[in-house]
Amino acid sequence: MSANRPAAVVVLAAGEGTRMKSATPKVLHELCGRSLVGHVLAAARALEPENLVVVVGHAREQVTAHLAESDPTVRTAVQAEQNGTGHAVRMALEELGGGIDGTVVVVCGDTPLLSGETLRRLAATHDGDGNAVTVLTAEVPDATGYGRIVRDGASGAVTAIVEHKDATESQRAIREINSGVFAFDGQLLADALGKVRTDNSQGEEYLTDVLGILREAGHRVGASVSADHREIAGINNRVQLAAARRTLNDRLLERAMLAGVTVIDPASTWVDVTVTFEQDAIVHPGTQLQGATHLAEGAEVGPNCRLKDTRVGAGARVDTTVANSAEVGPEAVVGPFAYLRPGTRLGLKAKIGTYVETKNSTIGEGTKIPHLSYVGDATIGDHSNIGAASVFVNYDGQEKHHTTVGSHCRTGSDNMFVAPVTVGDGAYTAAGSVITKDVPPGSLAVARGQQRNIEGWVARKRPGSAAAKAAEAASREPEGEA
């Protein structure tokens, strides 16, 4: 447990976010595999708070449902009318039963780049300096539009947060800005919130007014400076969302590369925060790795792959493939242009080739499905070969049925396996067969009509056509000439 464990973390997620221009609430927009509020909650969890409360308001049914699924232990407080950040924090404290002994950290639900380490430093500074409130700040290259942090020259304490429009020329030269993230003494916060006025242009309760109230009461207001100003960036529109996604993706790829992963082109490679790697994995350009995807040691993925919730075994190779909830065994080869659907499990050194689709199927060690086939709801043993243009016919219009192909089988091209059906170990099937009955081990199954040639059909049925003329010319050629 952290020595600076706060009594509560309050996440402000009640706003509408009109600049996103979306039916989706702003805090539910996603980047790198998590919602905006999900990233904030992950950072907040790093503090191990005694209480974690999300203030919901706009579209609260959607936000609450998302929280129940993604972080079911979090508590919610309802801000039925968005009357300002101070009012939102009051709603959170009321949910927790009023004033709280200990530190209360307040964060914004639209700051997905905020890290747990930065919040830990904020809490440590707050406790170490004995502040009534500590502001998370950052020094930015261009502070235009932001509230400036004005400090006491001697003590370094924060004396004011001055909005850009109200700042003097000398204050506008300050590059340290307010992030909207704070650590408060819980009891002092509750008392000060009761004194916040609404005589402003918006008629709202501003949380920043608490700083002035506490300072006027003789309490110290301090600051903790973020090491990376990008962490405090809030998301208000799709442009900022894209910029944050790029920043977070770069951060994730850098971490992977420093851990021994080769990323050929970071600019065209995208990963979720939940993706994991082992050393010496290789990721080629144009690849997206999503969800709980894992690349084992020496696995090679790409170019142009999209893998979601997929495990790629050691030394496996996946090229130009879409895979979802699949398992690629060690040293297996997949693609190009393959589609692995949920439930696909490939064994050691299995091969899935070009334009092959698999679903809910276990494919054994060394088994190959090289070309132009669909394998659904099937179990295939070890070291078998499925011929080109084969289809496992698993659906009868109402139910899905299972096909079993044994080990060391050789099935012909253009086969249809009409499930439920079993092909025994070591069996063969002839090209063009429709297999509707079980094939005993070691047998050859032939299930196709006899070929019949109707001579002269083209001349009778298509007289004068190009085909008829070609056939007539061929019939006139002396034997042995082409």
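Residues numbered from 1 in each chain as written. Predicted model: local features only at pLDDT ≥ 70, side-chain atom pairs only at ≥ 80, totals over all residues. Heavy atoms only, no water.

**Q** Looking at this model, I keep getting lost on the overall build of the protein chain. Mind explaining?
**A** Check the secondary structure of the protein chain and you find ten helices and 37 strands. A compact globule built from 482 residues would reach a C-alpha radius of gyration of about 23 Å, whereas the protein chain, at 33 Å, exceeds it by more than 25%. With respect to the principal axes defined by its C-alpha atoms, the protein chain has extents near 110 × 50 × 45 Å. The burial tally for the protein chain puts 45% of its 482 residues in the buried class. In the protein chain, of all internal contacts separated by at least 6 residues, the share reaching a separation of at least 24 is 40%. Positive and negative side-chain charges of the protein chain, numbering 46 and 57 respectively, have mean locations separated by a distance of 6 Å. (Helix = DSSP H or I, 4+ residues; strand = E, 2+ residues; numbered from the N terminus. Rg over C-alpha atoms; globule rule 2.2 N^0.38 Å. Buried < 20%, exposed > 50% of the residue type's maximum accessible area, 1.4 Å probe, protein only. Contact = heavy atoms within 4.5 Å. Lys, Arg positive; Asp, Glu negative; His and termini not counted. Charge placed at Lys NZ, Arg CZ, Asp CG, Glu CD.)

**Q** Looking at this structure, I do not really get the packing of aromatic side chains. What am I missing?
**A** To describe a pair of aromatic rings, one takes the distance between the centres and the angle between the planes. All told, the structure shown has three aromatic pairs when counted by the stated rule. On the basis of an interplanar angle of 40° and a centroid distance of 5.6 Å, the ring pair of Phe182 and Phe184 is categorised as tilted. Classification of Phe184 by relative accessible area gives buried; the value is 0%. Taken together, a centroid distance of 4.9 Å and an interplanar angle of 40° make the contact between Phe392 and Phe417 tilted. (Phe/Tyr/Trp six-rings, centres within 6.5 Å; stacked < 30°, edge-to-face > 60°.)

**Q** What am I meant to see in unusual backbone geometry here?
**A** One can expect most non-glycine residues to show negative phi and most peptide bonds to be in trans. In this structure, Pro303 follows Gly302 across a cis peptide bond, with omega equal to 5°. Here Pro303 is to be found in the loop between strand S18 (300–301) and strand S19 (306–308). Pro336 follows Gly335 through a cis peptide bond whose omega is 5°. Positionally, Pro336 belongs in the loop between strand S24 (333–334) and strand S25 (338–340).

**Q** Whenever I open this one, the nonpolar core confuses me. Can you help?
**A** It is characteristic of soluble globular proteins that their nonpolar side chains tend to be buried jointly. Val312, Val328 and Ile352 are the most contacted members of the largest nonpolar core, which has 54 residues in total. At six residues, helix H8 (residues 238–258) tops the list of elements feeding residues into this core. Not counting the four nearest positions on each side in its chain, Val312 is found in contact with His294, Leu295, Ala296, Ala299, Val301, Leu307, Val318 and Val328. (Core = buried A, V, L, I, M, F, W, Y, C linked by side-chain atoms within 4.5 Å.)

**Q** Explain the pairing of strand S27 (residues 351–363) here, please?
**A** Each regular strand carries side chains that alternate between the two faces of the sheet. In the sheet, S24 pairs with S27 via two bridges, with the strands oriented parallel. Note that in S27 the partner of Val334 across the bridge is Ile352. With two bridges connecting them, S25 and S27 associate as parallel partners. Paired with Tyr339 across the two strands is Glu357, which belongs to S27. As defined by bridge partners, strand S26 (residues 345–346) adjoins S27 across two bridges and the pair is classed as parallel. In the strand pairing of S27, Leu346 is matched with Ile363. For S27 and strand S28 (residues 368–380), the ladder comprises ten bridges, and the chain directions are parallel. When the sheet's bridge partners are listed, Thr362 is paired in S28 with Thr379. (Pairing = 2+ DSSP bridges.)

**Q** Any chance you could explain the packing of helix H3 (residues 85–95) against helix H6 (residues 186–193) here in plain terms?
**A** How two helices pack is summed up by the angle between their axes together with the distance between the axes. Interaxial distance between H3 and H6 falls to 10 Å at its minimum, and their mutual angle equals 125°. Overall, the two elements H3 and H6 adopt an arrangement that is oblique. When the axes of H3 and H6 are compared, the crossing they make is left-handed. On H6, the residues touching Gly86, Val89, Arg90 and Leu93 of H3 are Leu189, Ala190 and Leu193. (Axes fitted to C-alpha atoms, helices over the stretch in contact; angles between N-to-C directions. Parallel < 35°, antiparallel > 145°, perpendicular 65-115°, else oblique. Left-handed = near helix turned anticlockwise from the far one by under 90°.)

**Q** Explain helix H4 (residues 116–129) to me, please; I cannot follow it from the model alone.
**A** Spacing of three or four residues puts side chains on the same side of an α-helix, whose turn is 3.6 residues. Taking 1.5 Å of rise per residue, the 14 residues of H4 would be expected to cover 20 Å, and the 20 Å separating its terminal C-alpha atoms lies within 8% of that figure. Those residues of H4 lying buried are Gly116, Thr118, Leu119, Leu122, Ala123 and His126. Taken around the axis of H4, the buried residues stretch over an arc of 165°, which confines them to a single face. On the buried face of H4, the contacting elements are helix H1 (36–45), strand S6 (103–108), strand S7 (133–139), strand S10 (176–185) and strand S11 (221–225). Positive backbone phi, at 65°, marks Gly130, one or two positions downstream of H4. (Expected span 1.5 Å × (residues − 1). Arc of directions from axis to C-beta.)

**Q** Where do I start with the pairing of S28 in this structure?
**A** The sheet contact formed by S28 and strand S31 (residues 403–405) spans three bridges and is parallel. The partner of Thr379 across the bridge, within S31, is Thr404.

**Q** For this particular structure, what's the right way to read the packing of H6 against helix H7 (residues 209–216)?
**A** Viewed as axis vectors pointing N to C, H6 and H7 meet at an angle of 105°, and their least axial separation amounts to 10 Å. For the element pair H6 / H7, the angle class is roughly perpendicular. Every residue of H7 that contacts H6 at Leu188, Leu189, Ala192 and Leu193 is listed here: Val210, Ile213 and Leu214. The class makeup of the residues in the contact of H6 with H7 is seven nonpolar, no polar and no charged. (Nonpolar A, V, L, I, M, F, W, Y, C, P; charged D, E, K, R; others polar.)

**Q** Quick question: what am I supposed to make of the state of the cysteines here?
**A** The term disulfide refers to a covalent linkage connecting the sulfur atoms of a pair of cysteines. Evaluation of the coordinates by the stated rule reveals zero disulfides. No disulfide involves Cys305; its sulfur sits 19 Å from the nearest other cysteine sulfur, which is in Cys32. (Disulfide = S-S within 2.5 Å.)

**Q** What is the right way to look at the side chain of Gln79 in this model?
**A** With respect to the helices and strands, the residue Gln79 is situated in the loop between strand S5 (75–78) and H3. Overall, the relative accessible area of 3% leaves Gln79 in the buried class. Looking at Gln79, its side chain comes within polar contact range of the side chain of His87, at 2.9 Å. Excluding residues within four positions of it along the chain, Gln79 makes contact with Ala14, Val55, Val56, Gly57, Gly84, His87, Ala88 and Met91. (Polar contact = N/O pair within 3.5 Å; in protein donor to acceptor, adjacent residues only side chain to side chain.)

**Q** Please explain the environment of Met416 as it appears in this structure.
**A** Of note, Met416 is situated in strand S33 (residues 416–418). Given the relative accessible area of 24%, Met416 is considered partly exposed. Considering only alpha carbons, one finds Met416 and Ile435, 19 residues apart in sequence, at a separation of 5.9 Å. Contact partners of Met416, with chain neighbours within four places excluded, come to Ala389, Val391, Val393, Ser433, Val434 and Ile435.

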